[in-house]
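Geometric and topological summary
If you want the building blocks of each chain, they are given just below.
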Amino acid sequence: MLDNILNVINEHTENVHSVTDIFSGTGSVAKFLKAHGYTVFSNDILYLSYVMNKGTIELNQPISDKIHKLIKHLNSLTLANSPWFNLDNAFIFQNYSPHDGCERMYFQCENAIKIDLIRQEIERHRSEVSEQEYFYLLSLLLNAVPYVSNITGTYGAYLKFWDKRTYNPLFLEEVEIPLSNINCTCYNMDASVLAQQIQSDLVYLDPPYNGRQYLPNYHILETIARYDNPEIKGVTGMRVDPEKMSDFCKKGSAKHAFRRLLVSLNCRYIILSYNNEALLSTEDMAQIVKEAGIKETFRLYEYDYRRYKNKIPNKKAGLKEQLYFIEKRR
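In short, a report on the structure. Not measured: the values here are computed from a predicted model.

**Here we look at the nonpolar core**
Counting residues in hydrophobic clusters, the biggest one holds 75 residues, and the most contacted among them are Ile92, Phe107 and Val145. Counting residues per element, this core draws most heavily on helix 7 (residues 131-144), at nine residues. Excluding anything up to four places from it in sequence, Ile92 contacts Ser97, Phe107, Ala112, Ile115, Asp116, Thr223, Ile224 and Tyr227. By size, the runner-up hydrophobic cluster in this structure holds 32 residues, among which are Leu194, Val203, Phe258 and Leu261.

Shown next, in the form of structure tokens:
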């Protein structure tokens, strides 16, 4: 969808220099738009997304030799060469790998311990690196964890047998940071709050499409990012957070939430990403978007798209990703 988004911007806007990506997720759109010369304001309410974005989008200089050496050190960590480390304080090992006190099978024990080792060592070196470098290191860890996780795609459940990927050793892979003179900023806020505080030429919206909350599906990554020893519950060890279900994820409140957000955005243009099987129908969403914009500028683009693949294939046809475009009514 990245090229489709850029095409809409190029065809229907003028003098766009700054873009707010208000539901940024892993930052794919934000990184892409920065690489194409836009000043980007990235936001997500999940701390794990904030970490992954801040650790890459805000960086403009190549990684220093000091950080290269630190990454090599982090990859070399073992119980034998880390006398400061205490397994009793290893939250991921204690709660998400099988041993006498735990039955959960998210990680092989060796990888769970390595996650704790690296996460704690990054914190021990926090005062020695810049803020952006600290988040860069955390983002490398978050990027590495899925490659050794015993899951089908999200952390809402773990497999009852060991997937072959779980036997791989956890390893941090460096991400290249290109030279840039574009200064971008990342936020960790509720979208409706940020909308009233920030101004940009264009806002890109990629909101939740259905009733599934993101935090339960990525709770372990959120815990690794925060490393806050949270209270957990249930078979899968979900975080016990005072999370209120997003209005964008509820059929009864989604229309009002979208209307409120679109009206409060301080920008000239809006591009909203959705799909034709989402919580709100195409007719409902088109009406909501039209109400917020100059009607003759409204455009709806639809693209055939493959469904998310997990262990149970779904070959049903008809899924279309959508881009709604308007010039906002002042």
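Don't stop here, the text continues.
**Quick word on the side chain of Glu58**
As for its placement among the helices and strands, Glu58 is situated in the loop between helix 3 (47-54) and helix 4 (65-75). Side-chain polar atoms of Glu58 contact the side chain of Lys54, separated by 2.9 Å. Side-chain polar atoms of Glu58 contact the side chain of Gln132, separated by 3.3 Å. Once you skip the residues sitting within four places of it in the chain, Glu58 turns out to touch Asn53, Gln132, Cys184, Thr185 and Cys186.

**Thoughts on helix 10 (residues 219-226)**
Along helix 10, seven of the eight residues are buried, which leaves the element largely enclosed by surrounding structure. Of all the residues in helix 10, the buried ones are His219, Ile220, Leu221, Glu222, Thr223, Ile224 and Ala225. Directly beyond the C-terminal end of helix 10, a positive phi value near 45° is found at Tyr227.

About the criteria used
Residues numbered from 1 in each chain as written. Predicted model: local features only at pLDDT ≥ 70, side-chain atom pairs only at ≥ 80, totals over all residues. Heavy atoms only, no water. Core = buried A, V, L, I, M, F, W, Y, C linked by side-chain atoms within 4.5 Å. Buried < 20%, exposed > 50% of the residue type's maximum accessible area, 1.4 Å probe, protein only. Helix = DSSP H or I, 4+ residues; strand = E, 2+ residues; numbered from the N terminus. Contact = heavy atoms within 4.5 Å. Polar contact = N/O pair within 3.5 Å; in protein donor to acceptor, adjacent residues only side chain to side chain.

Bear in mind that shape data such as this cannot, by itself, settle questions of function.
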